[in-house]
Amino acid sequence: MTEIPTAAAGPDGGHVFSVSEARYFAPITNSDSFHLHAHDSSLASVFALPQVEKPRVTADWLRALVQEYENTDDVFDKAFLATVVFHGAVADDVEFTSDAREYLLKLGNEQVVFVTLPDLLPGPYLVIGGKLRDVWKLVDDSNGTCMTTLKPQSNPSDAFESFQVCGVDSQFPSFALRSRIKTRAAFKSPLAGLRILVKDNIHLKGTKTSVGNRAFYNTYPPRQESAQCIQKLVDQGVVVAGKTKMNSFGNWEEPLEYIDYQAPWNPRGDRYQSPGGSSSGSAVAVAAYDWLDLAIGTDTWASVTRPALWCGCFGLRPTFGAVSAHGVEPYCQKWDTVGILARDLQKCRDFAAEWLDTNVLDKETKPFSAVIWPTDYWSIIDPAQTAAARDFAKTTTKILGVAFEEVSFEALWAKFSPPEAHGLSLGEFINKATMAQCYDAYHNCDDFVKKHREQFGRAPYISPPNQRMWNFAKTLSKEDRDGYFAKIDIYEGWFRDTVLSGQNSNALIIMPLESMTPRYRDQSPTFKRPPQDGINALALAPVMKSPVLAVPISEVSYDSSITGQTENLPLVVAVMGMPGTDLALMDTMHMILRKAKLPTTVKTGKRMYG
């Protein structure tokens, strides 16, 4: 009989064991009610028999199932074939061929059991005391991406619970990965079995929310319900494995400015680079962990696309209103939305197609009509990186067969400014107005400050970048804020009527995010931020309520002071479409990358392209 080394892993009676150098955890769950006439201790796999009068089990049928398990489920291992449980009929009603027996014996099978247990899902298990236990594969959060890791849910209505098993050397917490086979069998949904992580300003039932701030975490109890956008996914069988770290309150912070919780470790380059923000943990996890399908972030002004740049992955800020923000801690509700970070553009697109509100998206796909190159935005970017991005823009133009338009928004404003500008330049009219969001970010914390003072008798601690922002926000009146927002609305209308007119009415706008130069974890953030005043390249899509997609196109080499070697940083551009064109934007970029012979999937680790 196969020996299964086990060790108590906590008060719940679960067991930790190893299979093929991978660690597993067998919790006490509802599957413990499944009793088998089997060895007391064994690895097991459950296979669902065909629903026919006389099921026939052959070597070919088994071989195809085992191959499917191996190809689709990283929790499964052939060692789990020590005991094979056929579910759906008793032995006398099944034709079990001799070649099937020989095939299983070659794979190390020791016993075969036939059962007809209700609600038993296919996939790998552990047999303990004649009972079937679910198994979760353990992987370490070695890049420090999460505030907490979570137990897999048994039911979509269950509260989430923290997972308390440490990693191999106790330095990192472990993620608990449930078999994809089981989740896909339990949910008939295209999204079933996908694994995601969720940014820690998005509420999950049963867990606390930190927004990257210890005082906030200590002030509020566990949440009573999950954010609507996440519950929608959970109801379709998407597995939430943890809550990711972020810049505190969503404000721009570099690693040295993370005070309450350490910044996640970007795996790209020399592994000591900034992860971007504010969805830093989500982007790092996508760039670091092969087992993770996608991660969820939030975006006010580039909080998804900017970490997608630094961590070298795809990032979608959807059309405003395409994802519910109910249950998301607000920064500035005028622009807050929830977005996606992914390695695989097609997977990102398919996920978005199931997740986004189709009532907000275009019902009919229209060809993109032009490619706009905003010269003002690119003027501050490194010339070599600008040249590489321009080549990509030209390739996009050629493949689509549309015009390439170089446009200076500042010059266009000077020529066709709206009457409300009263002759002011674009900068004079709009630059101060964009700071009005600080008013909302500050006053969205009023309840937090009040409750913290009531509970602890003092004001909460906030990081220096947030303190600077709050101090500025205190100088703004509600009238100031409303006046500035009115100016941004004027700009939005002017941009739509002036820039996006004629052949540009359904244009793609290709924008920079930042110049990619080394920005080390121990580097004091003395650079200017944001990289450009006013409605800059990070702000245009939020202001226009448009989707914007971060698209990796190349790499930037640099001499690392950490490794003493030449390393590579990602080069990622932001491609904006008109509101509602989210799926068309991703489909088009997938086609462009493929025809340009650029990858539509990036790899984990030091380099996007392996």
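Residues numbered from 1 in each chain as written. Predicted model: local features only at pLDDT ≥ 70, side-chain atom pairs only at ≥ 80, totals over all residues. Heavy atoms only, no water.

In the annotation of an unreviewed UniProt entry, the protein chain is listed under the name Amidase signature domain-containing protein and assigned to Phialemonium atrogriseum.

### Digging into the sheet that holds strand β17 (residues 314-317)
In plain terms, the rule: Think of it this way: DSSP has to see at least two bridges between two strands before they count as a pair. Going along the chain from the N terminus, every DSSP run of H or I of four or more residues is numbered as a helix, and every run of E of two or more is numbered as a strand. Fitted lines through C-alpha atoms give the axes, limited to the stretch in contact for helices. The angle between two N-to-C directions lies from 0 to 180 degrees.
The sheet built from eleven strands is open, its strands ordered β12-β15-β14-β16-β18-β17-β22-β23-β21-β19-β20 with mixed pairing. Each of the sheet's edge strands pairs with one partner strand only, and the pair in question is β12 (146-149) and β20 (403-407). Strand-to-strand twist across the sheet, computed as the mean angle between neighbouring axes with direction ignored, equals 30°. Relative to strand β15 (residues 239-244), β12 is paired through three bridges, and the arrangement is antiparallel. Across the sheet, residue Thr149 finds its bridge partner in β15, namely Gly242.

### Observations regarding unusual backbone geometry
For residues other than glycine, phi is negative in most cases, and the peptide bonds are mostly trans. Selection criterion: Working definition: with a 1.4 Å probe on protein chains only, accessible area under 20% of the residue-type maximum means buried, over 50% means exposed, and in between means partly exposed.
Cis geometry marks the peptide bond from Gly277 to Ser278, where omega comes out at 10°. Positionally, Ser278 belongs in the loop between β15 and α6 (280-288). Positive phi is not limited to glycine here, since Phe249 has a value of about 60°. With respect to the secondary-structure elements, Phe249 resides in the loop between β15 and α6. Judged by relative accessible area, which is 10%, Phe249 ranks as buried. Notably, Lys597 is not glycine yet its phi reads approximately 60°, a positive angle. Checked against the element boundaries, Lys597 lands in the segment after α18 (582-595).

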